[in-house]
Amino acid sequence: MAAGGTATGARRLQASLFLIGCCLAGAAPHALPPSRSLWPSLALTLLLGTYAVRSVFLPLMRGAGAAVESPPPAAWPAVDLVVAARDEEAVIGRLVERLSELDYPAEQLRLWVIDDGSEDRTPEVLEAYQRRYPQLQVLRRSRDAGGGKSGALNALLPQLQGRWLLVLDADAQLQPDGLKRLVAFAEAGGWSAVQLRKAVVNADHNLLTRAQAMEMALDAVIQQGRLHSGGVVELRGNGQLLQRQAVLACDGFNEATVTDDLDLSFRLLVQGQPVGLLWNPPIQEEAVTSVMGLWRQRQRWAEGGLQRFFDYWGELTGRATSAARKLDLSGFFLLQYALPVMAVADLFTSLLSRSTPLMWPLSFVAFGLSGGAILVGCLRSSEGPALPRMHPLNLALGIAYLGHWFVVIPYTTLRMALLPKRLVWAKTLHVGSGESHGAEEPDLTTQVL
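On a predicted model such as this, the values are computed, not experimentally measured, just so you know.

> Go over the pairing of strand S3 (residues 136–141) with me, naming the residues and quoting the values.
As defined by bridge partners, strand S2 (residues 109–116) adjoins S3 across 6 bridges and the pair is classed as parallel. When the bridges of S3 are listed, Leu111 appears paired with Leu136. As for the winding sense of the linkage, the β-α-β connection from S2 through helix H4 (residues 122–132) to S3 is right-handed.

> Which residues make up helix H12 (residues 360–379), and what values go with them?
The end-to-end C-alpha separation of H12 is 28 Å, in line with the 28 Å expected for 20 residues at 1.5 Å each. Buried within H12 we find Pro361, Leu362, Ser363, Ala366, Gly371, Ala373, Ile374, Gly377 and Cys378. Against helix H2 (39–61), helix H7 (207–228), strand S7 (275–285), helix H11 (323–353), helix H13 (392–401) and helix H14 (405–418) lie the buried residues of H12.

> Give me the lowdown on empty space enclosed by the protein, citing residues and values where you can.
Inspection of every chain in the model, using the stated rule, returns 5 cavities of 30 Å³ or more. Approximately 60 Å³ is the volume attributed to the second largest cavity. Val200, Gln212, Met216, Glu285, Glu286, Ala287, Val288, Gln297, Arg298 and Trp301 together form the lining of the second largest cavity. Elements represented by at least two residues in the lining of the second largest cavity include exactly H7 and helix H10 (291–316).

> I'd like to hear about the packing of aromatic side chains, residue by residue, with values.
Evaluation of the coordinates by the stated rule reveals 14 aromatic pairs. Between Trp76 and Tyr104 the ring centres are 5.5 Å apart and the planes differ by 65 degrees, which places this aromatic pair in the edge-to-face class. In this pair, Trp76 sits in the loop between H2 and strand S1 (79–85) while Tyr104 sits in the loop between helix H3 (92–100) and S2, placing the two residues 28 residues apart along the sequence. As far as burial versus exposure is concerned, Trp76 and Tyr104 are alike and both buried. Between Phe309 and Phe333 the ring centres are 4.8 Å apart and the planes differ by 55 degrees, which places this aromatic pair in the tilted class. Taken together, the residues Phe309 in helix H10 and Phe333 in helix H11 connect sequence positions 24 residues apart. Residue classification places Phe333 among the buried residues on the basis of a relative accessible area of 15%. Feature note: the residues Phe18, Phe266, Phe309, Phe310, Trp313, Phe332, Phe333 and Tyr337 constitute an aromatic cluster, connected by ring pairs. Above the face of the Trp279 ring, Arg197 is positioned so that its terminal group lies 4.4 Å from the ring centre.

> Tell me what's going on with a nonpolar patch on the surface, and back it up with residues and numbers.
On the surface, Leu347, Phe348 and Leu351 cluster together into a nonpolar patch covering about 330 Å² of accessible area. Considering the arrangement of structural elements, one finds Leu351 in helix H11. The exposure class assigned to Leu351 is exposed, which follows from its relative accessible area of 59%.

> Can you tell me about the sheet that holds strand S4 (residues 164–168), naming the residues and giving the values?
Sheet architecture is open: 7 strands sit in the order S3-S2-S1-S4-S6-S5-S7, paired in mixed fashion. Each edge of the open sheet carries a strand with a single partner, namely S3 and S7. Direction aside, neighbouring strands of the sheet carry axes that sit 25 degrees apart on average.

> Describe the packing of H7 against H13, with residues and values.
Put simply, H7 and H13 touch, their axes get as near as 9 Å, and they point 85 degrees apart. In this view, H7 runs roughly perpendicular relative to H13, as classed from their interaxial angle. Here Leu207, Leu208, Arg210, Ala211, Gln212, Met214 and Glu215 of H7 come into contact with H13, specifically with Asn394, Leu397, Gly398 and Tyr401. Looking at the contact of H7 with H13 residue by residue, the classes come out as 6 nonpolar, 3 polar and 2 charged.

> Lay out the pattern of salt bridges with the relevant residues and their values.
All chains considered together, the criterion is met by 24 salt bridges. For Asp103, the salt bridge goes to Lys180, with nearest N and O atoms at 3.6 Å. One end of the pair, Asp103, is in the loop between H3 and S2; the other, Lys180, is in helix H6 (residues 178–189), with 77 residues separating them in the sequence. Given a relative accessible area of 22%, Lys180 falls into the partly exposed group. In this structure, Glu234 engages Arg308 in a salt bridge whose closest nitrogen and oxygen atoms are separated by 2.4 Å. Linking Glu234 in the loop between H7 and strand S6 (240–243) with Arg308 in helix H10, this pair joins segments that are 74 residues apart in sequence.

> Can you lay out the nonpolar core for me, pointing to particular residues and giving the numbers?
Of all hydrophobic cores here, the largest spans 76 residues; its most connected members are Phe18, Ile114, Leu165, Leu242, Leu268 and Tyr337. Considering every element that reaches this core, the biggest residue donor is H11, with 9 residues. Core analysis: the next-biggest nonpolar cluster, separate from the first, contains 39 residues, Ile92, Leu109, Val194 and Leu196 among them.

Basis of the calculations
Residues numbered from 1 in each chain as written. Predicted model: local features only at pLDDT ≥ 70, side-chain atom pairs only at ≥ 80, totals over all residues. Heavy atoms only, no water. Pairing = 2+ DSSP bridges. Helix = DSSP H or I, 4+ residues; strand = E, 2+ residues; numbered from the N terminus. Right-handed = clockwise from strand over helix to strand, strands pointing away. Expected span 1.5 Å × (residues − 1). Buried < 20%, exposed > 50% of the residue type's maximum accessible area, 1.4 Å probe, protein only. Contact = heavy atoms within 4.5 Å. 1 Å grid on protein atoms, 1.4 Å probe; cavity = no way out; pocket = protein on both sides within 12 Å on 5 of 7 lines; lining within 4 Å. Points joined across faces, edges and corners; volume = space filled by probe spheres on them. Phe/Tyr/Trp six-rings, centres within 6.5 Å; stacked < 30°, edge-to-face > 60°. Lys NZ or Arg CZ within 6 Å of the ring centre and 35° of its normal. Patch = residues over 30% accessible without salt bridge, like charges linked within 9 Å, V, L, I, M, F, W, Y side chains within 5 Å. Areas by Shrake-Rupley, 256 points an atom, 1.4 Å probe, with all protein chains shown as cover. Salt bridge = Lys/Arg side-chain N within 4 Å of Asp/Glu carboxyl O. Axes fitted to C-alpha atoms, helices over the stretch in contact; angles between N-to-C directions. Parallel < 35°, antiparallel > 145°, perpendicular 65-115°, else oblique. Nonpolar A, V, L, I, M, F, W, Y, C, P; charged D, E, K, R; others polar. Core = buried A, V, L, I, M, F, W, Y, C linked by side-chain atoms within 4.5 Å.

So this is what it looks like as structure tokens:
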């Protein structure tokens, strides 16, 4: 069971055409007379600035970010907690302990861990925890089984029986009442999938993790605004609650993509399956702590983000997609993916022609609106780890940090256009940041020997 996508060769062609189009759009205004050279940039600034204000800030002013507490369902539905793990000895035991403490009817809850060919002590840790927690079930795959995380999830999908599955990363942290509140929200809202806001547990580790904490708040604010203006919410992998039948209707998880969550978001959208977002409670996770770790992670996110647009754009622009969602997707695509490539092309053209860059009005507005979303998100009432305090230095850090997308997106687009993609199990290193709750890890001496 593996939903497919566009062939690799077609994706390279699409990436090439996208790259060429954005470069021409960024360079062409330099050929206009000086009195009119800024007009294209100003027109785009007005267009995309209006989209951002309409899609993000106006909904928030109308109460889109208000706290939501849904009444419990008449009967709690069965839920499968699903974790795909590879080489997660540092955090997998703590995760099992925390999930076993969730306040949810035990007869309606099953915990699954897919050990996807781990080569560290993950198998030994899981074996020890299975003796302590009978509800823990482990599915083991060979390391070369293929399909990445999607393949691991697909291997387990036929064995799941619950109405819902909650997909978690190995470093996930969910407060004890979090699952009940999430399921109640999903059932009351009639959602096919719900994404929890992601919160960073190690925001105080360094400036990079602090900036990522602000970015996660920004992302949730933007997603809520898009949803309440008739747009689209996207899944983020960790902390995504999915109706099992909705996933089956999509033929499972796509094994031909590098970001199964973004891909599934669009396939649910194509099928008319609604996706929601819940601000509180959040799913807590570790932020990457090094520049190289961030670079690798963001390349994967950028590639998967572009790939889903290439794969499903034809279906998303059809009659089944509402005008509001088409507008939302077009605006988001231009701001997130086209703008960085156009800005770099504009910069190189200005250097070659010794002229002034022309995309600065659009870039200025984009960074300004992003700063506004950071400010709104970090000032909002939130559970979980404290969000960074909003003062000029932190806000400046968050805005400047977002500039990395102006490097990541053009580089990734160029690589996608030139090189074939080799699908691998790309995972973020988890080291067990944040306080641990529950018992100490059991003694594994006998298993290791």
